[in-house]
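This is what each chain is made of:
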Amino acid sequence: MNQHVQRGLARLVPAAPGMSIPLPALLQTAVTGVFLLTFRLGSALTVAVVAGAVVWPGALTPEVQMMAMATAWADRSAVSFVRIRYAC
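Because the structure is predicted, anything quoted here is derived from the model rather than measured. (Residues numbered from 1 in each chain as written. Predicted model: local features only at pLDDT ≥ 70, side-chain atom pairs only at ≥ 80, totals over all residues. Heavy atoms only, no water.)

*Asks:* Got a minute to help me understand the overall build of the protein chain in this structure?
*Replies:* Along the backbone of the protein chain there are 4 helices and 2 strands. Taken from N to C terminus, the helices and strands of the protein chain fall in the order α-α-β-α-α-β. Taken over 88 residues, the protein chain has a buried fraction of 8%. Considering only contacts within the protein chain whose residues lie at least 6 apart along the sequence, 73% involve residues at least 24 apart. When the accessible surface of the protein chain is totalled, it reaches about 7,300 Å², and 68% of it is carbon and sulfur. (Helix = DSSP H or I, 4+ residues; strand = E, 2+ residues; numbered from the N terminus. Buried < 20%, exposed > 50% of the residue type's maximum accessible area, 1.4 Å probe, protein only. Contact = heavy atoms within 4.5 Å. Areas by Shrake-Rupley, 256 points an atom, 1.4 Å probe, with all protein chains shown as cover.)

*Asks:* Help me out: how do you make sense of the packing of helix α3 (residues 41–55) against helix α4 (residues 62–74) in this one?
*Replies:* Helix packing for two helices is described by the angle between their axes and how far apart those axes are. The interhelical angle for the contact between α3 and α4, taken along N-to-C directions, is 160 degrees, at an axis separation of 8 Å. The pairing of α3 with α4 is recorded here as roughly antiparallel in orientation. Crossing hand, α3 versus α4: left-handed. Two secondary-structure elements touch here, α3 through G42, L45, T46, V49, V50 and A53 and α4 through Q65, A68, M69, T71 and A72. Considered class by class, the residues forming the contact of α3 with α4 number 7 nonpolar, 4 polar and no charged. (Axes fitted to C-alpha atoms, helices over the stretch in contact; angles between N-to-C directions. Parallel < 35°, antiparallel > 145°, perpendicular 65-115°, else oblique. Left-handed = near helix turned anticlockwise from the far one by under 90°. Nonpolar A, V, L, I, M, F, W, Y, C, P; charged D, E, K, R; others polar.)

*Asks:* I keep staring at the environment of L36 and nothing clicks. Help me out?
*Replies:* Within the secondary structure, L36 is located in strand β1 (residues 31–40). Sequence separation between L36 and S80 is 44 residues; the distance between their C-alpha atoms is 7.2 Å. With near-sequence residues (within four places) excluded, L36 lies in contact with F81 and V82.

*Asks:* Can you walk me through α3 in this structure?
*Replies:* The α-helix advances 3.6 residues per turn, and as a result positions three or four apart in sequence lie on the same side. For α3, built from 15 residues, the straight-helix expectation of 21 Å at 1.5 Å per residue is met to within 8% by its first-to-last C-alpha distance of 21 Å. Considered for burial, the residues of α3 that qualify are G42, V49 and G52. Within α3, the buried residues cover an arc of 90 degrees as seen down the axis, which keeps them to one side. Within α3, the exposed residues directed more than 90 degrees away from the buried face are V47, V54 and V55. (Expected span 1.5 Å × (residues − 1). Arc of directions from axis to C-beta.)

*Asks:* I keep staring at a nonpolar patch on the surface and nothing clicks. Help me out?
*Replies:* Together, V34, L36, V82, I84 and Y86 make up a nonpolar patch on the protein surface, roughly 510 Å² of accessible area in all. Of all elements in the fold, only β1 and β2 (78–86) reach the threshold of two or more residues within the nonpolar patch. It is β2 that provides the largest number of residues to the nonpolar patch, a total of 3 residues. Residue placement: V82 occurs in strand β2. (Patch = residues over 30% accessible without salt bridge, like charges linked within 9 Å, V, L, I, M, F, W, Y side chains within 5 Å. Salt bridge = Lys/Arg side-chain N within 4 Å of Asp/Glu carboxyl O.)

In structure tokens form, the structure reads like this:
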């Protein structure tokens, strides 16, 4: 029964020319979970500036704080972790 449904779906979905995994294998693979974690480096800089301003109030001048916050806001670099679990 499951094979008939998969064949029907395979006929409906056009095959992409750049696919490296055949379409029937994709339809047979069941994904049980996806975990995505993105850590922005600008967020770490923002936390460091705010913590520094709270712990040492006179250590950072307002100009340095504004410049660091603007840099952190404009920074889009990040580290991402993706984990995909498949059913066996």
